[in-house]
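# Per-entry structural report
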Amino acid sequence: MPRLPPRPALIAAAAVLLLGAAFMWFRDSGLVAVTKVTVTGVSSSEGAEVRQALTSSAEQMTTLHLDADGLRQSVKGFASVASLRTTTHFPHRLTIEVTERQPVAEVDIAGDTVPVGAGGRLMRGVRPDRALPVLHATRLAPGGRLTDPQALAAVATLAAAPPPLRDRVTRVWTGPKGLTLDVRSGPELFFGAASRLDAKWMATARVLAEPSAAGAVYLDVRVPDRVAAGGLGTVPQQQADPLALNPQGQVVNPQLQAQGTPSLNP
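Residues numbered from 1 in each chain as written. Predicted model: local features only at pLDDT ≥ 70, side-chain atom pairs only at ≥ 80, totals over all residues. Heavy atoms only, no water.

A few words now on the overall build of the protein. Within the protein, the regular secondary structure consists of six helices and 13 strands. The proportion of buried residues among the 266 residues of the protein is 41%. Long-range pairs, those at least 24 residues apart, make up 52% of the contacts in the protein between residues at least 6 apart in sequence. Summed over its atoms, the accessible surface of the protein is roughly 14700 Å², and 56% of this surface lies on carbon and sulfur atoms. (Helix = DSSP H or I, 4+ residues; strand = E, 2+ residues; numbered from the N terminus. Buried < 20%, exposed > 50% of the residue type's maximum accessible area, 1.4 Å probe, protein only. Contact = heavy atoms within 4.5 Å. Areas by Shrake-Rupley, 256 points an atom, 1.4 Å probe, with all protein chains shown as cover.)

What follows is the structure, given as structure tokens:
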């Protein structure tokens, strides 16, 4: 291809540099400054502080030069914030979607009760919106995480539960049959080890959806493929638990028979 004469080549290079400099100036100018911030997904007791921190940080940015790391750093100290997702709307609007961590229990450490989330992360500063099971722990890792094996097993079990079922758990403890859960208006649950938790909760939900499970004193789901129920009484079908749940943790009509329900062994 023919080579450009030296003068046009210099002019083209200078034009590219000028355009680049103009864009760098424009992307950081007040013409595209973030002036309207919408924060969604916040519901914890830290919500007002999280919104304020994100808004203050975002208003130092522009829609063409968003500092995602800066936004994350601004809420690093809030235990309820798990992740952020941002969407810019040229020229001045920014939407920040917050994914929150939810406390699944409270842990008693030397008389100090602190909410705890999945993975054993302590959530100081978060006030639960309902009563949570209280666990006991003796050991913490640097950075505020549980290291007590029994407490971690209980947290993992609660974190794996469908939310409607988790909300009905009042106590988690270690008994003769391993992890044991007390359920409000429901049977005691024997989970054994903190393994195959998704399968165990699915089996629990399927059995609780069965009218024939009404009146059970306990469900043994240590082997989720063979659930055993004990203490079954004669309960009219119309008196079955109105809060029976399907495998997805949704309330179902107790008159409907679930498919593939494990057998009940009195």
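Looking at the protein as a whole, the pLDDT averages 85, with 84% of positions reaching at least 70. Contacts of residues 233-266 to residues separated by more than four positions or lying in other chains number 67 contacts, the stretch itself having pLDDT below 50. (pLDDT = per-residue confidence, 0-100.)

This part takes up the nonpolar core. Among the nonpolar cores identified, the biggest contains 36 residues, and Val107, Leu146, Val172, Phe191 and Trp201 are the most heavily contacted of them. Per-element tally for this core: the top contributor is helix α6 (residues 197-208), with six residues. Phe191 has contacts with Thr157, Leu179, Leu181, Leu197, Lys200, Trp201, Thr204, Val221 and Arg222, leaving out every residue within four places of it along the chain. The next biggest cluster of nonpolar side chains, apart from the first, holds 17 residues, and it includes Val34, Val75, Val81 and Ile96. (Core = buried A, V, L, I, M, F, W, Y, C linked by side-chain atoms within 4.5 Å.)

Right, let's talk about the pairing of strand β3 (residues 93-100) for a bit. Along a regular strand, successive side chains alternate from one face of the sheet to the other. Of the strand pairs in this sheet, strand β1 (residues 36-40) and β3 are connected by five bridges, and their pairing is parallel. Bridging across to β3, Val39 finds its partner in Ile96. Bridging between strand β2 (residues 81-89) and β3 involves eight bridges; their strand directions are antiparallel. If you follow Thr86 over to β3, its bridge partner there is Ile96. The hairpin formed by β2 and β3 contains three residues between the paired strands. (Pairing = 2+ DSSP bridges.)

What follows is about the sheet that holds β2. Read from one edge of the open sheet, three strands run β1-β3-β2, paired in mixed fashion. Across the chains shown, the open sheet's two edge strands, defined by having one partner strand only, are β1 and β2. Ignoring which end each strand starts from, the neighbouring axes of this sheet average 20° apart. Docked against the sheet, helix α2 (residues 47-58) engages β1, β2 and β3, running at close to 145° with respect to β1. (Axes fitted to C-alpha atoms, helices over the stretch in contact; angles between N-to-C directions.)

The sheet built from three strands is open, its strands ordered β5-β4-β6 with mixed pairing. With one partner strand each, in any of the chains shown, β5 (112-116) and β6 (134-136) form the two edges of the open sheet. On average, each strand axis in the sheet is tilted by 35° relative to the strand beside it, whichever way the strands run. Bridge count for strand β4 (residues 105-109) against β5 is five bridges, and the pairing is antiparallel. In the sheet register, Ala105 faces β5, and the bridge partner there is Val116. Seen against the sheet, helix α4 (residues 149-159) touches β4, β5 and β6 and runs at an angle of roughly 155° to β6.

Here we take up α4. Of the positions making up α4, those classed as buried are Ala151, Ala153, Ala154, Val155, Thr157 and Leu158. The backbone nitrogen of Gln150 has a side-chain oxygen 3.2 Å away, supplied by the residue at the start of α4, namely Asp148. (Polar contact = N/O pair within 3.5 Å; in protein donor to acceptor, adjacent residues only side chain to side chain.)

A few words on the pairing of strand β9 (residues 169-175). Strand direction decides the pairing type here: β9 and strand β10 (residues 178-183), joined by six bridges, are antiparallel. Across the sheet, residue Gly175 finds its bridge partner in β10, namely Gly178. Hairpin connection, β9 to β10: the antiparallel pair is bridged by two residues.

Another point: the pattern of salt bridges. Opposite charge on two side chains permits them to pair, given that their charged atoms come into close proximity. Using the criterion set out here, one finds seven salt bridges in the structure. We note a salt bridge from Arg27 to Asp28, for which the minimum N-O separation is 3.7 Å. Note that Arg130 is salt-bridged to Asp167, the shortest N-O span being 3.1 Å. With Arg130 in the loop between β5 and β6 and Asp167 in the loop between α5 (163-166) and β9, this pair connects stretches of sequence that are 37 residues apart. Owing to a relative accessible area of 27%, Arg130 belongs among the partly exposed residues under this scheme. (Salt bridge = Lys/Arg side-chain N within 4 Å of Asp/Glu carboxyl O.)

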